[in-house]
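Spelled out from the first residue to the last, the chains are:
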Amino acid sequence: MTPEPLFTRPFALAWVASLFMGLSYMLFLHYPEFLSDLGADEVTIGAIFAATAVTAIAVRPFVGRAMDVRGRRVLILLGNVINVAAVALYLTVQQVDAWTYAVRLLHGMGGAVLFTALFTYGADVIPASRRVQGLALFGVSGLLPIALGGLLGDFILARSDFDALFLTALGFAVAAAAASLVLHDQPAETDGQERRSYFASVVQRDLVPLWVITLVFSAAVQAYFVFMKTFTIEEGFGSVGLFFACYSGTAIGLRVFAGWLPDRAGQKRVLFPALAVLTAGFAVLAGAQSAVGIAVAGVMCGAGHGYAFPITFGMVVSRARPAERGSALSVYTALFDVALLVSGPVFGAVITFASYRVMWLTAGAVMAVGVVWFGLWDRRFEAARPVPVRAAAS
């Protein structure tokens, strides 16, 4: 039997829009240096990054419900408008004050709406029989910017200033908006059941363990998304571009050449080793003494992320009711903002009162405990759940 195609026109168009959105967003991996130049310490930097999570969390219930009722397109267009406006306003930030936080709040809102809507649209156009592989390949549109954002930012800042960085990010944001104009909603998928409230997805019993492991995973990875820049500056070796180039290069390689593995071998058989490698990557960061250590940690963390995100994402899609997919995926993506809101200031405080190396070990410990907890908790639901016809092939 011929596999259902992945690379359809809607998939490709959404992938391009997601790529440009990610390129704009990931240039802000360098934003901690800008804030540091303005006099912000690590705790303040963590708090400013956490500010993006406040509005992102607040709007997620409305985004999820609106996608289920009105479709994905309207949210994609709205998210692009907010995102373009927010990125343009970074050019007006001159000091660390209330305006700095306001711009981050708006950026968080635009990113939340756009990221959730684009990835939900991606899930809509991927066949169930190749769900994890399809989500893994769609996620490459978010991984490429992680590498290119770091390296491109290094290139720009070596030759110009942060205004040039912000203008480049604005150009990518406008390109994402232009690419999104051609996206149209897919035929609605329904399971014939009554659509429940947004919060029914929050408390759905077989989804709750996935919320826990996603929160733990996202809290841990926020450590290097927020603090890798200042860590490499303080240590005097490596760079944010080096780490994220190794990180995303490894994740992309796994997804392109072995993205089929979870669908064939079993999702959890791949998920747990991936999370273990990610956890070990934090230990390598804690002991790194040269750029080589930064690169090795990037490879390990990227390998873990390469599988962990599409597998957990795919498990949410499979367990959620089709008519409530938008709500469930908005909960899933909101957890990354909840993690940023909490872990940014907490990890910043660990750095201030201990060190960067203690912070990396703390992040790894959080990851290890969460993986064990998830494994024990979710086993009960797996044993009790009948295999539904629509998810049997995935």
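In this report, we go over the structure that sits alongside the text. Computed from a predicted model, the values in this text were never measured in an experiment.

## Considerations on the environment of Phe374
In step 1: Relative to the assigned elements, Phe374 resides in helix H15 (residues 356-384).
In step 2: Residues contacting Phe374, with those up to four places away along its chain left out, are Pro209, Leu210, Ile213, Lys268, Leu271, Phe272 and Met315.

## Observations regarding the packing of helix H1 (residues 9-26) against helix H5 (residues 98-124)
In step 1: Remark: H1 packs on H5, axes separated minimally by 10 Å, with the N-to-C direction vectors making an angle of 155°. In terms of orientation, H1 lies roughly antiparallel with respect to H5. As for the relative orientation of H1 and H5, their crossing is left-handed in sense. Across from Pro10, Ala14, Ala17, Ser18, Met21 and Tyr25 in H1, the residues of H5 making contact are His107, Gly111, Leu114, Phe115, Leu118, Phe119 and Tyr121.
In step 2: Taken together, the residues that form the contact of H1 with H5 break down as ten nonpolar, three polar and no charged.

## So, the nonpolar core
In step 1: Grouped together as the largest cluster of nonpolar side chains are 120 residues, with contacts concentrated most on Tyr31, Tyr224, Phe243, Phe244 and Trp360.
In step 2: A total of 14 residues in this core trace back to one element, the largest contributor, which is helix H9 (residues 208-235).
In step 3: With sequence-adjacent residues up to four places away left out, Tyr224 is seen in contact with Phe243, Phe244, Tyr247, Leu278, Phe282, Cys301 and Trp360.

## Section: empty space enclosed by the protein
Empty pockets left among the atoms are what a rolling probe the size of a water molecule brings to light.
In step 1: A full pass over the atoms with the stated rule returns one cavity of 30 Å³ or more.
In step 2: Volume-wise, the largest cavity comes out at about 760 Å³.
In step 3: Lining the largest cavity we find 32 residues, and of these Tyr25, Met26, Phe115, Gln222 and Phe336 sit closest to its centre.
In step 4: The element contributing the most residues to the lining of the largest cavity is H5, with six residues.
In step 5: Split into classes, the residues belonging to the lining of the largest cavity amount to 17 nonpolar, eleven polar and four charged.

## Some words on the side chain of Arg104
In step 1: One can find Arg104 in helix H5.
In step 2: Apart from residues no more than four positions distant in its own chain, Arg104 is found in contact with Phe28, Tyr31, Ile48, Phe49, Ala51, Thr52 and Tyr90.

Calculation criteria
Residues numbered from 1 in each chain as written. Predicted model: local features only at pLDDT ≥ 70, side-chain atom pairs only at ≥ 80, totals over all residues. Heavy atoms only, no water. Helix = DSSP H or I, 4+ residues; strand = E, 2+ residues; numbered from the N terminus. Contact = heavy atoms within 4.5 Å. Axes fitted to C-alpha atoms, helices over the stretch in contact; angles between N-to-C directions. Parallel < 35°, antiparallel > 145°, perpendicular 65-115°, else oblique. Left-handed = near helix turned anticlockwise from the far one by under 90°. Nonpolar A, V, L, I, M, F, W, Y, C, P; charged D, E, K, R; others polar. Core = buried A, V, L, I, M, F, W, Y, C linked by side-chain atoms within 4.5 Å. Buried < 20%, exposed > 50% of the residue type's maximum accessible area, 1.4 Å probe, protein only. 1 Å grid on protein atoms, 1.4 Å probe; cavity = no way out; pocket = protein on both sides within 12 Å on 5 of 7 lines; lining within 4 Å. Points joined across faces, edges and corners; volume = space filled by probe spheres on them.

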